[in-house]
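# Geometric and topological summary
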Amino acid sequence: MKSTMRRLTTYLVKRRCRLVLAPRMQMSLSYLQCFVALFCFNVQLRVREHPVLGPYVEGLNQYVASSNNDIQKWIEVGTRVRATAATGMNDRSSRSHSVFTLVLTQTQMIEGHETSKVSKINLIDLAGSERSSKAQTSGDRLREGANINRSLHTLGKVISLLSESSIGRRKRIFVPYRDSVLTWYFISYAYAHE
């Protein structure tokens with residue numbers, strides 16, 4: 001995922017520099033990992049629900065980036081603190097999902113009024129599912145693997161139910177967003193595309 005983030009952010013910074021008469025643009029970013037609960041640089045966070053804006057991560061810091069180097073620095077920091085552990089299949093197995101969020105805010109004056117457009121890009125690196133017998137896990141690694149698998153199962157279930165709803169197979173359905181921290185955090189994005 002690091003290479004995808006690097007290519008995307010490099011492209012966006014270059015594009016921003018090419019816009020000569022463009023509106024002001026600010027870039028900010030955040031990086032978190034979902035490891036049973038949510039963590040940002042090893043500090044535990046909680047998902048809360050705002051009555052208007054929907055779910056958000058309480059205490060998640062956003063960092064303003066003025067250059068591509070700033071962005072790359074935060075990507076490196078996030079990658080370094082990501083939870084990994086050795087299993088029978090992989091020396092550095094991801095034990096968490098990670099979410100890199102880039103927020104672009106364009107501000108310009110139109111007829112004497114300042115207007116803003118906000119775009120949010122989420123890049124998600126999901127930890128892979130695993131069979132405990134093949135990964136040869138036990139104890140903490142076994143529990144982590146079970147949590148990873150449960151989270152991936154919930155994500156698949158939510159996506160499946162949303163797709164059935166969007167093509168009209170089912171009129172009223174219950175989508176279990178809150179069964180996983182990851183799916184609860186992204187509920188607002190799912191409804192935006194429904």
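See the structure above.
First things first, this report covers the structure right here in the doc.

Rules used in this analysis
- Note that residues are indexed from 1 along each chain, following the sequence as it is written.
- Selection of residues for local features in this predicted model requires a pLDDT of at least 70, selection of side-chain atom pairs for listing and counting requires 80 or more, and totals for whole chains, interfaces and linings are taken over all residues.
- Values shown for side chains rest on all heavy atoms present in the structure; no hydrogens or waters enter the calculation.
- A run of DSSP states H or I qualifies as a helix once it reaches four residues; a run of E qualifies as a strand once it reaches two. Both are numbered from the N-terminal end.
- Expected helix span is given by 1.5 Å per residue-to-residue step, counting one fewer step than there are residues.
- Three exposure classes are used, based on accessible area relative to the maximum for each residue type with a 1.4 Å probe and protein chains only: buried under 20%, partly exposed in between, and exposed over 50%.
- Residues belong to a common nonpolar core when they are buried Ala, Val, Leu, Ile, Met, Phe, Trp, Tyr or Cys residues joined through side-chain atoms within 4.5 Å.
- Should any heavy atoms of two residues lie within 4.5 Å, those residues are considered in contact.
- Stacked, edge-to-face and tilted are the three classes for Phe, Tyr and Trp ring pairs, Trp counted by its six-membered ring, which pair at centre distances within 6.5 Å; planes under 30 degrees apart are stacked, over 60 edge-to-face, the rest tilted.
- Every case where a carboxyl oxygen of Asp or Glu lies within 4 Å of a side-chain nitrogen of Lys or Arg is listed as a salt bridge.

### Remarks on helix H2 (residues 68–81)
Given a rise of 1.5 Å per residue, 14 residues ought to cover 20 Å, and the 20 Å separating the end C-alpha atoms of H2 matches this to within 8%. Every buried residue of H2 is listed here: Asn68, Ile71, Gln72, Trp74, Ile75, Val77 and Gly78.

### Description of the nonpolar core
One finds Leu32, Val57, Leu60, Val99, Val175, Tyr177 and Tyr185 to be the most contacted residues of the largest nonpolar core, which totals 17 residues. For this core, the secondary structure elements donating two or more residues are strand E1 (24–35), strand E3 (43–50), helix H4 (140–166) and helix H5 (181–185). Beyond its immediate stretch of four places on either side in the chain, Val99 contacts Ser30, Tyr31, Leu32, Asn122, Leu123, Ile124, Leu182, Tyr185 and Phe186. Grouped together as the second largest cluster of nonpolar side chains are 15 residues, Met5, Ala65, Ile75 and Val77 included.

### So, unusual backbone geometry
In terms of backbone geometry, most residues other than glycine have negative phi values and most peptide bonds are trans. Unlike most non-glycine residues, Glu111 shows phi in positive territory, near 50°. What makes Glu111 exposed here is its relative accessible area of 78%.

### Description of the packing of aromatic side chains
Counting across every chain of the model gives two aromatic pairs. Between Tyr63 and Trp74, the ring centres sit 4.0 Å apart and the planes meet at 15°, which makes this aromatic pair stacked. You can see Tyr63 sitting in strand E5 (residues 63–65) and its partner Trp74 sitting in helix H2, a full 11 residues away along the chain.

### Points about the pattern of salt bridges
Inspection of every chain in the model, using the stated rule, returns two salt bridges. Its salt-bridge partner being Glu58, residue Arg48 comes within 3.3 Å of it at the nearest N-O pair. Pair noted here: Arg48 is in strand E3 and Glu58 is in strand E4 (residues 54–58), with a separation of 10 residues, a long-range link. Relative accessible area serves as the criterion here: at 31%, Arg48 is assigned to the partly exposed category. You can call Glu58 partly exposed: its relative accessible area is 37%. Glu49 is the salt-bridge partner of Arg178, the closest N and O atoms lying 2.4 Å from each other. Taken as a pair, Arg178 in the loop between H4 and H5 and Glu49 in strand E3 lie far apart in primary sequence, 129 residues in all. Given the relative accessible area of 42%, Glu49 is considered partly exposed.

By themselves, these observations are geometric and do not establish any function.
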